[in-house]
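Survey of secondary and tertiary structure
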Amino acid sequence: MKQKKYLNAITLLLSVIFTVLLIPFNVDAQMIPDERLLPRLVDNADLLTNSEEEKLLDKLDSISEKHQTDVAIVTVYSLEGKTATEFADNYFDYNGYGFGPNRDGILFLISMEYRDWAITIHGSGIETFTDAGQRYMTEQFLSYISDAEYAKGFNKFADLSDQFLKQAAKGEPYDYGHLPKKPLAWYWLPAAIGLGVIIAFSVVGGMKANLKSVRRKVGADDYIAADSFVLTDQRDIYLYSNVTRTAKPKESSSGSSGGGSRGGSRTHTSSSGSRHGGSSGKF
Amino acid sequence: MAQLLDFKCPSCGGAINFDSQIQKMKCPYCDTEFEMDAVKQYEEAIQNEHEQDDFTWNIKADSNWQEDELNNYAAYVCMSCGGQIVGDTTTSATSCPYCDNPVVIAGNIAGDMRPDYIIPFKLTKEQAKQGLRNHIKGKRLLPKQFKDENHIDKIRGMYVPFWLFDTKADANFRYKGTKTSTWSDSDYVYTKTSYYSILRSGNIAFNSVPVDASSKMPDDLMESIEPYNIAELTDFNAGFLAGYLADRYDVPADDCIERANHRVRQSTEDRFRSTVSGYKTVAQENSNIKLSDGKANYVLYPVWVLNTSWQGEQFTFAMNGQTGRFIGDLPLDRKAYWKWFGLIALIVAVLAYAAAWLFLR
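Remember, predicted model here, so these are calculated numbers, not experimental data.

The helix and strand tally for chain A stands at seven helices and seven strands. The linear arrangement of helices and strands in chain A, starting from the amino end, is α-β-α-β-α-β-β-α-α-α-α-β-β-β. Burial status across chain A gives 31% buried among its 283 residues. Within chain A, counting contacts between residues at least 6 apart in sequence, those at least 24 apart form 68% of the total.

In structure tokens form, the structure reads like this:
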């Protein structure tokens, strides 16, 4: 019995120690909630008008429900000393974003203080939004945000997310070498018109030249008497020569070819211990 | 050796002298070295170049018209444009081949020069009309009126006076030629340029270089329907004129010579130049052409002619009556021009944009 008492005491002691050890951890690290605590659009930096907000939120909700993946947009004023990626990851984790047990989702964050942006992805979002895919998306919508056309940029982000999720549902997410076709750059329109004008000019120019057939004769070659051309003296006298030299252009060392874009998504682990993918930058 | 001191450097023009150390001629200004023999030959060639070009011609005295020819043919003049033609007196109503207005008899042709030779018409009016149809076929920018058959029917056979010049040419040419070779080592690319003096002398003969002797007929048009086959040249007989018109000669041979000289010179230069090969660059430095045995004949060449005025402008078409070569500038239909331009530009622009859309995204 005595032994059992000891055992109980040890167990108690250990539990106390454990509890003591665990308490600060639990207090410091917030719990990942089971339910999403915030709407899919959080405009803390107040970049959108109320009606824009309303419409965009509707859009995000319907896309998210449709694909069972949260598509969220967060604007803040400051990253509170964190990097954009850390902030986005934490925001995603501790506010319970993500659909289903795997917490599938994508969150786009912009912070106005130093004009940072970040995308964080989680769960199945990691497969859906690959690194190459995110690069493609940001190329399409980030310029609007840089130009302070926030509503346009966010809507574009939502549409692109929709497009990517649709493609992923087919089992073949967009990735390096397999991206949606970009819209044609604007200069192709004037270029095509210019080409048309140039070609049309040369064709009708040819048609116009076709109308002209009167030309003076340059020589009298037709009237050279047969075999009448005789050379009586023919000398090629070497006079002199000179040599010039030019320095060879120094060959510049060939630039290192970049690491090359690989497919898929690189991931990291956020402070809450969950695996995230994503990208970030300035706008 | 003493006179060699006067030699000029072929490279820079400075006086060159003999360098005893290298046993060569050397230019003290540009340091170029020359072989003694080359300098001598070059200097000799230049010494002989003081002669002037000589383009002199003997113009054959004309023969006189025969009695019956004078009775049957008359000179006509157009009261509208002043064009002068020769035709047989039996053709009562004749219209001017240039402006379509009626012509009147101006007098007999006794004072005119009688042609030495003639090339008779070989192609019929029907063939001339076909020639015109072929000429305008596929010309999309041609105004529609020009395809009108009534209009085509007005094509007319006319003998056009020409001077034919025969001559021999003696010529000397000097060219400067360069040859280059390049090689390189690790640091430099070397280019060696060698300079040559190229001498060509020889002779060449020309037969029957034609020059239009009618001021009314455009010279460029007449040159465009060349050449005529002079093997078919026959002695002139007024009988050949029956049923055709003949343009009246009004440009004397002396005034035509310049054009003949120009063409003879051009061909002579081209022919001699063609014997210089193997050089990277060739520049003619001197030429000297002397003509000899030059003579001129007065002949009639057969031409089918159609004159048309369109929007105040005169368009003349001509067909070589011997070979069938058809020439004539055609007017441009501005509307058709821009229509085609717009259509092509649109199609190409759409295709280019579509191609860019498909392949360049």
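Structure shown, so let's carry the discussion forward.
Once that is clear, we can look at the overall build of chain B. Helix and strand counts for chain B stand at seven helices and 15 strands. When the 361 residues of chain B are sorted by exposure, 35% land in the buried category. Within chain B, contacts between residues at least 6 apart in sequence are counted, and of these 70% link residues at least 24 apart.

Moving on: the sheet that holds strand β6 (residues 267-269) of chain A. All names here are of chain A. Reading across from one edge, β1-β2-β3-β4-β7-β6 is the order of the six strands in this open sheet, with mixed pairing throughout. Whereas interior strands pair on both sides, the edge strands pair on one side only; in this sheet they are β1 (41-43) and β6. Taken pair by pair, the neighbouring strands of this sheet meet at an average axis angle of 25 degrees, ignoring direction. For β6 and strand β7 (residues 275-282), the ladder comprises three bridges, and the chain directions are antiparallel. Opposite T269, over in β7, you have R275 as the bridge partner.

Residue and element names in this part refer to chain A. Between helix α5 (residues 131-146) and helix α6 (residues 150-169), the shortest axis-to-axis distance is 7 Å and the interhelical angle comes to 160 degrees. Accordingly, the angle class assigned to the pair α5 and α6 is roughly antiparallel. In terms of crossing hand, the pair formed by α5 and α6 is right-handed. Between α5, through G133, M137, Q140, F141, L142, Y144 and I145, and α6, the contact on the second element is made entirely by Y150, K152, G153, K156, F157, L160 and F164. Residue classes in the contact of α5 with α6 are distributed as nine nonpolar, three polar and two charged.

Residues and elements named next belong to chain B. Taken in spatial order, the three strands line up as β1-β2-β3 in an open sheet, and their pairing is antiparallel. Looking along the sheet, the strands with just one partner apiece sit at the ends: β1 (17-19) and β3 (33-34). Bridge analysis of β1 against strand β2 (residues 24-26) gives three bridges, and the strand direction is antiparallel. Paired with F18 across the strands is M25, a residue of β2.

We now examine the pairing of strand β4 (residues 116-122) of chain A. A regular strand places its side chains on the two faces of the sheet in alternate fashion. All names here are of chain A. Of all seven residues in β4, seven are buried, a share of seventy percent or more. Both faces of β4 are covered, namely the face carrying D116, A118, T120 and H122 and the face carrying W117, I119 and I121. Relative to β4, strand β3 (residues 105-111) is paired through seven bridges, and the arrangement is antiparallel. Note on β4: the bridge partner recorded for G105 is H122. Taking the residues between adjacent antiparallel strands as the criterion, β3 and β4 are bridged by four residues, where R115 takes a positive phi near 50 degrees. Pairing of β4 with β7 involves seven bridges; the strand directions are antiparallel. The residue bridging W117 from the neighbouring strand is G281, located in β7.

A few words now on the interface of chain A and chain B. Contact with chain A, which involves 53 residues of that partner, is made by 68 residues of chain B. When contributions to the side of chain A that touches chain B are tallied by element, the ones reaching two or more residues are α7 (188-211) and β5 (230-247) of chain A. Residue contributions to the side of chain A that touches chain B peak at 18 residues, all from β5(A). Here the side of chain A that touches chain B is built from residues that sort into 28 nonpolar, 11 polar and 14 charged.

On to the packing of helix α2 (residues 50-67) of chain A against α6(A). Residues and elements named next belong to chain A. The interhelical angle for the contact between α2 and α6, taken along N-to-C directions, is 10 degrees, at an axis separation of 10 Å. The angle between α2 and α6 falls in the class roughly parallel. Across the interface between the two elements, E52, L56, K59, L60, I63 and H67 of α2 pack against A151, F154, N155, A158, S161, D162, L165 and A169 of α6. When grouped by side-chain class, the residues that make up the contact of α2 with α6 number eight nonpolar, three polar and three charged.

Let us now look at helix α1 (residues 36-47) of chain B. For α1(B), with 12 residues, the first-to-last C-alpha span of 17 Å sits near the 16 Å given by 1.5 Å per residue. Buried residues of α1(B): B:V39, B:Y42 and B:A45, and no others. Along the axis of α1(B), the buried positions cluster into a sector of 130 degrees, meaning they face one direction only. Residues of α1(B) that are exposed and point more than 90 degrees away from the buried face comprise B:D37, B:E44 and B:Q47. Buried positions along α1(B) lie against β5 of chain A together with β2, β3, β9 (156-184) and β10 (188-212) of chain B.

In an α-helix there are 3.6 residues to a turn, and that puts residues three or four apart on one side. Between its first and last C-alpha, helix α6 (residues 253-273) of chain B extends 29 Å over 21 residues, near the 30 Å set by a 1.5 Å rise per residue. Every buried residue of α6(B) is accounted for by B:A253, B:C256, B:I257, B:R259, B:A260, B:N261, B:R263, B:V264, B:S267, B:T268, B:R271 and B:F272.

Counting residues in each nonpolar core, the largest one holds 86 residues, and the members touching the most others are B:V160, B:W163, B:A246, B:Y301, B:V303 and B:A318. Apart from the residues lying within four places of it in its own chain, the contact partners of B:A246 are B:I85, B:V86, B:G87, B:M158, B:Y159, B:L241 and B:L300. Ranked by size, the runner-up nonpolar core spans 38 residues in total, among them A:L60, A:A84, A:Y97 and A:Y150.

Turning our attention to the pairing of strand β13 (residues 281-310) of chain B. Residues and elements named next belong to chain B. When strand β8 (residues 117-118) meets β13, the two strands line up parallel, connected through two bridges. Within β13, the position partnered with I118 by the bridge is L300. With 22 bridges joining them, β9 and β13 adopt antiparallel strand pairing. The residue of β13 that forms the bridge with G157 is W304. Both β13 and strand β14 (residues 313-320) contribute to a ladder of eight bridges, which runs antiparallel. Within the sheet, the bridge partner assigned to T308 lies in β14 and is F315. Joining the antiparallel neighbours β13 and β14 is a turn of two residues, in which Q311 adopts a positive phi near 50 degrees.

Attention now moves to the confidence of the model for chain B. Residue and element names in this part refer to chain B. Averaged over chain B, the pLDDT score is 82; the fraction of residues at 70 or greater is 92%. Residue range residues 1-5 is modelled with pLDDT below 50. Its contacts to residues more than four positions away, or to other chains, number four contacts. In the predicted complex, the global pTM is 0.62; the interface-specific ipTM is 0.72.

Criteria and cut-off values
Residues numbered from 1 in each chain as written. Chains lettered and ligands numbered in written order. Predicted model: local features only at pLDDT ≥ 70, side-chain atom pairs only at ≥ 80, totals over all residues. Helix = DSSP H or I, 4+ residues; strand = E, 2+ residues; numbered from the N terminus. Buried ≥ 20, exposed ≤ 12 C-beta atoms within 10 Å, placed from the backbone. Contact = placed C-beta atoms within 7 Å. Pairing = 2+ DSSP bridges. Axes fitted to C-alpha atoms, helices over the stretch in contact; angles between N-to-C directions. Parallel < 35°, antiparallel > 145°, perpendicular 65-115°, else oblique. Left-handed = near helix turned anticlockwise from the far one by under 90°. Nonpolar A, V, L, I, M, F, W, Y, C, P; charged D, E, K, R; others polar. Expected span 1.5 Å × (residues − 1). Arc of directions from axis to C-beta. Core = buried A, V, L, I, M, F, W, Y, C linked by C-beta atoms within 7 Å. pLDDT = per-residue confidence, 0-100.

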